[in-house]
Structures are given as C-alpha cells and as structure tokens.
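# A structural walkthrough
Residue strings, one per chain:
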Amino acid sequence: MAAAKGAGGRLVVVSNRVALPRQSAPGGLASALQAALRESGGLWFGWSGKLAAETAAEVHRLHDAKVDYATVDLSRADHDDFYTGFANGTLWPMLHYRPDLVDYQHSHLDGYLRVNEIFADKLRQLIRPDDVIWVHDYHLIPLAAMLRKRGVRNRIGFFLHTPLPAAGLLIALPNHLELLETLASYDLIGVHTARDLRALEDYFLHEAGATMRLGGRMRSASGRLFRAAVFPISIDTRGIAEAAGKAESNKEIGQLRDSLIGRSLIIGVDRLDYSKGLPERFQAYARLLEGAPELHRHVTFLQIAPPSRGSVLEYRQIRRELERSAGHINGKYAAPDWAPIRYINKSFPHRLLSGYYRTARVGLVTPLRDGMNLVAKEYVACQNPADPGVLILSRFAGAAQELTDALLVNPADTEEVADALQRALKMPLTERRDRWRAMMGVLLQNDITVWRNAFLQALTDARNVRAGGGPEGVPH
Ligand code: GDG
C-alpha cells in the first residue's frame, strides 16, 4: 500500500538518530520510515551519532534508493547539554512520570534550544515548498516553531514516542510553557494512546490558554490551529511472524532450546532503562521462586537488556542494581545444574530475538511506564499458532490498550506479577490459543504500515492553518 502523503511532494523525516542504509539491520520503526521515504522519495535528517569539534560544521549527505540522508555531528558540549542533559536527563524522566529523577539545569535547556535552532537552520536549506515534514520525538519538540520562524510554511507533523503525563505533573517541568507551547506550531501531533491525548488536551486547554474548536482542533493562545490525535504504533506483524517461524531451525535457537532441557522459558527484552521496571520484575521473579518451590528447576528466566544512554548517571546505577539483584537470585536459588536467571547485557540481531521469543512460554513485559512497547507486540507476533506462549503485560504500557488479552498487571505489585507468572506457566493450551488469536488479530489489523499511512494521511488532511494568513489561515 502506498504511503499517503500530499500530492507530489517529498516526505522529510526528522529524528534525533537516523538509520543510515547498510548500517546494522534497522528496527521496525526505522524500516517503516525508510519504506515510506522510498515510496515517495524523501529526505531523512538528524544527528549522525558522532561527535566533532563543532556542531553541524558540515552536513553529511548520502543517497540510496530514492532517499537522501543528511546528518550532522554534535560538539561534545552540545551533546552533553542537549542529548544527555535536557533530552535524557530532564524530559525522559518527566515524560515517564519520574520527576524524582529529573536533573534540571538552565544550561541544559539552553543547549537543547541551541541544537534545535541549528537543526532548523540546516534543515531550512534542504526543504522544498511541497515537502511534508514528519518530526519524531521529545528531542525535537520546538523544531517546528523554529522552522516557522524561518518562514517554513510546509505541513509539519510531530509524533511523540513516549507517554505524555498528566498536566498536573507536566507543570512541574521548569519553563514548561515556553517549551510545550511550541507544539502548537505543528499541524498534527500524534500520540500512542487516548490517555496521552487527554493529557495533551488538558495541558493546552487548562495550562496554556488554548481553546477547543469545532471538529476537534485546538486553537493555541497565539491563535494557531492544530490537531492532535491517537496513532498507536505497531510492528511489521507478518514479516516478524514469518521470521520467527524460520528462526526455529537456527543453530542458536536450537542451542537455547537444548540448554533448557524441557524447562519453561520466561523472556524479557528491554533497553536497560529505569522506565522498563526491571528491578521490580526481578523481585517478582524472586517472589515466584520463594512462593512456588515446585517450580524450582522447571523454569528459567532470560532477561536480555542491552545497555543504553551510558552517559546518564541513572542508567549506570540501574545496571549495577540489576547485576546485584540477578546475582542475589542465582546465589539464593540456583542448583549446580540450574541457574534460575540468565541476565545478558548485550544486544542480539532481530533474527535471533524472534526465535528466542518463540521459544519462550512467557513474555514478561512490565515497564513502569511506556509509550507503546514494541517488544510486547513482537512477542505475540513470534508465537507458534499451534502452541503459543502467554504475554504478561504492564497496564502502564501503551500496548495494554490494544493487547487486552494479555495478562495485565501492575508492575509495581510484585505479588500480582508473581501470581500472573504462575498462571501463565500453568495456562491450558486452549486458553493460550484463544488469547493469542485475539491479540494477533489486533496486530494484523494495525501493523506498522497502517500506522504510518494513518499518520501521513491525517497530516495531509490537516489544514495548514496559521492565524491571519490567507485562505488557509482563517481560524474557524
Ligand atoms: C520507544 C518508546 C515505543 C531490544 N533489544 C534488542 C532489540 N530491541 C528492539 C526491540 C524493539 C525495540 O528495540 C524497543 O522498542 P520498545 O518499544 O520496546 O522500547 P523503546 O526503545 O523504549 O522505544 C516505546 C517505541 O519508542 C516506538 O514508538 O514503543 O514506548 O519508549 O523493536 O525488538 N533489537 C535488537 N537487539 C536487541 O538486543 N536488534
């Protein structure tokens, strides 16, 4: 199906990191964006992932399969203030309901705004009048406002991949109005769930002086009309299911199966991030072992947790905490021929992950907060239809809104999670099949292609309205 988009123009994707062609296999989101770019021809702009003496001294260009890639380096100071400092030290914890972890410094906000200004400068020179621009995530909130200041009148959409907390929490962010009001410069703001949308509307209507117009658009205090809507991101359901089927015959998957000698496998796969609820998950597993001695030697928990954002203190701390916790669980419960937990701090290619998911009787996905959580969806897509595993899913992952046939839990309630583990391990085949079929139906209906087409269609439909400006600019 062709990507919906304005007639003739290119698609311009802007994100903090760019998935360059022929780099390591891109994830589902990157592949979907690449596919959309290839269909209409397009440009992908963002940070190169590299440091240099000066930010954006040059724009690195690459062309591949109808797609232009334009990336810029960051200086060490800009990286520290923009990426580590404000984006991941302030916004990420705030957006994940962790004001206690927010490290707010004026210099970080200055760096964040500075890098967004530089991005706007560079991007401005690359944009053509009929391009449709799609900006991704919390690193780039003010980008549209900065582009508008530079005269860009194109359609610009924004997708937030994280949750958006309630307005009462958002206002604890210093300078929140200065930052969040700039979202009104987008024509369309996409979020994962109805809860995120309510939070956005509540913030604009009750904290930022916006009003709701007929037809569901908002009018900002400065008079700009914009739309916000729900677009639950998804995965390449069919492609992933097929890969998982093939993976069964991989040598590495066979090795994992052999190593289990009939034990049931519980799997967790998460970036090492405090939002993913890993310490609580380990505690819940310890509780299961404590309360169900009959399961000893019959169950193995494999947690894959590739490190991320090592430049942020909290990420280094959680890594140490989990090493201690895994060591403690194994020290207490292991037998000479059985380790209850296998904890791995490295990343695996998707082709192996899909086979690991398929081997696992239980997928344990218990973030404290998560915009969507694609691992939950991938786990479901990878199951063997004849003998599917059970998904245990946090109520606070966006995915819980769609995957209602998972065993839904409060990740902070370790007793509830331990009970769900027991139930999942004992669940009869008929119930497993019924639950899986329902969830797979949802994922087949809303896959990653449906998601991106829905967003791009809505962006095309969103009238590009600016206060006082010509026929498109008449506020109504
Ligand atoms: C953000 C939001 C939202 C994981 N380990 C490995 C690996 N992965 C892949 C998974 C999955 C992706 O990374 C993780 O996506 P999630 O959605 O689970 O989580 P975040 O990274 O936090 O993503 C989230 C998402 O954006 C999209 O909007 O759902 O809420 O936080 O695809 O499979 N991939 C490989 N090796 C690994 O070891 N190759």
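Please read all numbers here as calculations on a predicted model, not as lab measurements. (Residues numbered from 1 in each chain as written. Predicted model: local features only at pLDDT ≥ 70, side-chain atom pairs only at ≥ 80, totals over all residues. Heavy atoms only, no water.)

Right, let's get into the pattern of salt bridges. Scanning all chains against the criterion turns up 30 salt bridges. Ionic pairing is found between Lys276 and Asp370, a salt bridge with its closest N-O pair at 2.9 Å. Of the two residues, Lys276 is situated in the loop between strand S11 (264-269) and helix H10 (278-291) and Asp370 in the loop between strand S14 (362-365) and helix H13 (374-381); the sequence distance between them amounts to 94 residues. What makes Asp370 buried here is its relative accessible area of 9%. For Asp434, the salt bridge is made with Arg437, and the minimal N-O distance between the two is 3.3 Å. Taken as a pair, Asp434 and Arg437 lie in helix H15 (residues 429-445) at a separation of three residues, close to a single helical turn. (Salt bridge = Lys/Arg side-chain N within 4 Å of Asp/Glu carboxyl O. Helix = DSSP H or I, 4+ residues; strand = E, 2+ residues; numbered from the N terminus. Buried < 20%, exposed > 50% of the residue type's maximum accessible area, 1.4 Å probe, protein only.)

Moving on, we get to the site of the ligand. Looking at the ligand, there are 20 residues lining it, with His161, Phe348, Asp370, Leu374 and Glu378 nearest. Note that an oxygen atom of the ligand is positioned 2.9 Å from one of the backbone N or O atoms of Asn373. When the free accessible area of the ligand is taken as 730 Å², the share hidden by the protein chains comes to 84%. Of all the elements in the fold, those that place two or more residues in the shell around the ligand are helix H12 (350-359) and H13. A breakdown of the residues in the shell around the ligand according to their chemical character gives ten nonpolar, six polar and four charged. Per-domain counts for the shell around the ligand show at least three residues from each of domain 1 (11-234 + 448-464) and domain 2 (237-445). (Near = heavy atom within 4 Å. Polar contact = N/O pair within 3.5 Å; in protein donor to acceptor, adjacent residues only side chain to side chain. Areas by Shrake-Rupley, 256 points an atom, 1.4 Å probe, with all protein chains shown as cover. Nonpolar A, V, L, I, M, F, W, Y, C, P; charged D, E, K, R; others polar. Domains from an automatic or database assignment.)

Moving on to unusual backbone geometry. You will see that Ala56, though not glycine, has its phi angle at about 55°, which is positive. Within the secondary structure, Ala56 is located in the loop between strand S2 (42-51) and strand S3 (60-64). On the accessibility criterion, Ala56 (4% relative accessible area) is buried. At Arg297, a position not held by glycine, the phi torsion is positive, near 70°.

Counted under the stated rule, the structure contains four cavities of 30 Å³ or more. Along its surface, the largest cavity is lined by 13 residues, and Thr193, Arg195, Asp196, Asp370 and Phe396 are the ones closest to its centre. Looking at the lining of the largest cavity, its residues break down into four nonpolar, four polar and five charged. Counting the residues that make up the lining of the largest cavity, at least three belong to each of domain 1 (11-234 + 448-464) and domain 2 (237-445). Approximately 70 Å³ is the volume attributed to the second largest cavity. Taken together, Leu95, Ile141, Phe158, Leu160, Leu164, Leu180, Leu183, Ile189, Val191 and Leu200 make up the full set of residues lining the second largest cavity. A class-by-class count of the residues in the lining of the second largest cavity yields ten nonpolar, no polar and no charged. (1 Å grid on protein atoms, 1.4 Å probe; cavity = no way out; pocket = protein on both sides within 12 Å on 5 of 7 lines; lining within 4 Å. Points joined across faces, edges and corners; volume = space filled by probe spheres on them.)

Next up on the list: the packing of helix H8 (residues 237-247) against H12. Two numbers describe how H8 lies on H12: the axes approach to 8 Å, and their chain directions differ by 80°. In terms of orientation, H8 lies roughly perpendicular with respect to H12. For the pair formed by H8 and H12, the contact residues are Ala241, Ala243, Ala244, Gly245 and Ala247 on the first element and Arg351, Ser354, Gly355 and Arg358 on the second. Classifying every residue of the contact of H8 with H12 by side-chain character gives four nonpolar, three polar and two charged. (Axes fitted to C-alpha atoms, helices over the stretch in contact; angles between N-to-C directions. Parallel < 35°, antiparallel > 145°, perpendicular 65-115°, else oblique. Contact = heavy atoms within 4.5 Å.)

We now examine the packing of aromatic side chains. Inspection of every chain in the model, using the stated rule, returns 22 aromatic pairs. Where Trp92 meets Tyr138, the ring centres are 5.6 Å apart and the plane angle is 50°; that geometry is what we call tilted. On the criterion of sequence distance, the pair formed by Trp92 in helix H2 (residues 76-95) and Tyr138 in the loop between strand S5 (132-136) and helix H4 (143-149) is long-range, its members being 46 residues apart. Since its relative accessible area comes to 6%, Trp92 is described here as buried. The ring of Trp92 carries Arg309 above its face, with NZ or CZ at 4.1 Å from the centroid. A cation over a ring is seen here: Arg369 above Tyr97, with NZ or CZ 3.8 Å from the ring centre. (Phe/Tyr/Trp six-rings, centres within 6.5 Å; stacked < 30°, edge-to-face > 60°. Lys NZ or Arg CZ within 6 Å of the ring centre and 35° of its normal.)

Time to look at the confidence of the model for the protein chain. Taken as a whole, the protein chain shows an average pLDDT of 93; of its residues, 94% reach a score of 70 or greater. Per-residue pLDDT stays below 50 along residues 464-476; that stretch engages in 35 contacts with residues further than four places along the chain or on separate chains. (pLDDT = per-residue confidence, 0-100.)

Another aspect to go through is the environment of Leu313. Counting through the fold element by element, Leu313 comes out in helix H11 (residues 313-333). Take Leu313: its relative accessible area is 42%, and that puts it in the partly exposed class. Each C-alpha atom of the pair Leu313 and Thr359 lies 35 Å from the other, and the pair is 46 residues apart in sequence.

The subject of this paragraph is the packing of H2 against helix H3 (residues 106-124). The contact between H2 and H3 brings their axes to 8 Å, and the two run at 115°. The orientation of H2 with respect to H3, classified from their angle, is roughly perpendicular. For the crossing formed where H2 meets H3, the hand is left-handed. Along the contact surface, H2 presents Ala77, Asp78, Asp80, Asp81, Phe82, Gly85, Phe86, Ala87 and Leu91, while H3 presents Ser107, His108, Leu109, Gly111, Tyr112, Arg114, Val115, Asn116 and Ile118. (Left-handed = near helix turned anticlockwise from the far one by under 90°.)

Interfaces are often sized by the accessible area lost when the parts come together. For the protein chain, the assigned domains are domain 1 (11-234 + 448-464) and domain 2 (237-445). In this structure, domain 1 and domain 2 have C-alpha centres spaced 31 Å apart. Taken together, the 22 residues of domain 1 in the interface contact 23 residues of domain 2. Counting the surface lost from both domain 1 and domain 2, the interface buries some 1,800 Å², and carbon and sulfur atoms represent 59% of this. Connecting domain 1 to domain 2 are zero salt bridges. Seen at the junction of domain 1 and domain 2, the total is six residue pairs in polar contact (both at pLDDT 80 or more). (Buried area = accessible area lost by both parts, 1.4 Å probe.)

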